[in-house]
Amino acid sequence: MSRAILQVMIRGRVQGVGYRAWVEYQATTSGLEGWVRNRRDGSVEALFAGAPKHVADMVALCRHGPPSSRVDSVTSETAGADELNLRRAGEAFSVLPTV
């Protein structure tokens, strides 16, 4: 089975509206691995790993976000498996502290 790993940057009104929790829920429901975190510049960064279709579907979901958010842009780039090491031990998907 092939595996995709994408690092995603989401910009807009995405902090303080439950965006990280929403991403965590959507990703774990889809069976994805990875992490999500706020950035000090007001964006949200995430890493998704899993079946290519599920990763692509998750990126598409990020373009809309939860109802209280406003997503201005979503950019993604291929990432390496070493980026998954940022997760907390024992967690498939982690919510990380702000960087």
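Analysis parameters
- Residues numbered from 1 in each chain as written.
- Predicted model: local features only at pLDDT ≥ 70, side-chain atom pairs only at ≥ 80, totals over all residues.
- Heavy atoms only, no water.
- UniProt positions renumbered as here; feature names shortened; annotations may be inferred.
- Buried < 20%, exposed > 50% of the residue type's maximum accessible area, 1.4 Å probe, protein only.
- Contact = heavy atoms within 4.5 Å.
- Helix = DSSP H or I, 4+ residues; strand = E, 2+ residues; numbered from the N terminus.
- Arc of directions from axis to C-beta.
- Axes fitted to C-alpha atoms, helices over the stretch in contact; angles between N-to-C directions.
- Parallel < 35°, antiparallel > 145°, perpendicular 65-115°, else oblique.
- Left-handed = near helix turned anticlockwise from the far one by under 90°.
- Nonpolar A, V, L, I, M, F, W, Y, C, P; charged D, E, K, R; others polar.
- Core = buried A, V, L, I, M, F, W, Y, C linked by side-chain atoms within 4.5 Å.
- Pairing = 2+ DSSP bridges.

Labelled according to an unreviewed UniProt entry, the chain appears under the name acylphosphatase, originating from Bradyrhizobium zhanjiangense. Turning to the chain, the UniProt record has this under Sequence similarities (unreviewed entry): "Belongs to the acylphosphatase family." Quoted verbatim from the Catalytic activity (unreviewed entry) field of the UniProt record, the comment on the chain reads "an acyl phosphate + H2O = a carboxylate + phosphate + H(+)".

**Q** Any chance you could explain the UniProt feature "active site" (unreviewed entry) in the chain here in plain terms?
**A** The UniProt record annotates "active site" (unreviewed entry) at Arg-20 and Asn-38. What stands out for the annotated residues spanning 19 residues is how close their C-alpha atoms remain, the widest pair being 7.4 Å apart. A relative accessible area of 25% means that Arg-20 is categorised as partly exposed. In this structure Arg-20 touches Val-36, Arg-37, Asn-38, Val-95, Leu-96 and Thr-98, once residues within four positions along its chain are discounted.

**Q** What's the story with helix H1 (residues 19-29) in this structure? I'm lost.
**A** Each turn of an α-helix holds 3.6 residues, which means side chains three or four residues apart point in the same direction. For H1, every residue scored as buried is listed here: Tyr-19, Trp-22, Val-23, Gln-26 and Ala-27. One face of H1 carries all of its buried residues, which in axial projection span an arc of 125°. In H1, the exposed positions that point more than 90 degrees away from the buried face belong to Tyr-25 and Thr-29. Tucked inside the fold, the buried residues of H1 contact strand E1 (4-13), strand E2 (33-38), strand E3 (44-50), helix H2 (52-62), strand E4 (70-78) and strand E5 (93-95). At the C-terminal side of H1, Gly-31 shows a positive phi close to 75°.

**Q** Looking at this structure, I do not really get the packing of H1 against H2. What am I missing?
**A** If you want to describe how two helices pack, look at the angle between their axes and the distance between the axes. With their axes 11 Å apart at the nearest point, H1 and H2 run at an angle of 155° to one another. Taken together, the axes of H1 and H2 are roughly antiparallel relative to one another. At the point where H1 passes H2, the crossing takes the right-handed sense. Residues Tyr-19, Trp-22, Val-23, Gln-26 and Ala-27 of H1 pack against Met-58, Leu-61 and Cys-62 of H2. A breakdown of the residues in the contact of H1 with H2 according to their chemical character gives seven nonpolar, one polar and no charged.

**Q** What's the story with the nonpolar core in this structure? I'm lost.
**A** If you look at soluble globular proteins, the nonpolar side chains tend to sit buried side by side. Formed by 21 residues in total, the largest nonpolar core has its most connected members in Ile-10, Tyr-19, Val-23, Phe-48, Met-58 and Cys-62. One finds Ile-5, Leu-47, Ala-49 and Ala-79 within the second-largest nonpolar core, a separate group that totals seven residues.

**Q** Looking at this structure, how should I read the sheet that holds E1?
**A** By way of backbone hydrogen bonds, the strands of a sheet pair with one another, either parallel or antiparallel. Taking strand neighbours across the sheet as the criterion, the five strands line up as E4-E1-E3-E2-E5 in an open arrangement whose pairing is mixed. Of all the strands in the sheet, just E4 and E5 have a single pairing partner and so form its edges. Strand-to-strand twist across the sheet, computed as the mean angle between neighbouring axes with direction ignored, equals 15°. Where E1 meets E3, seven bridges bridge the pair, whose relative direction is antiparallel.

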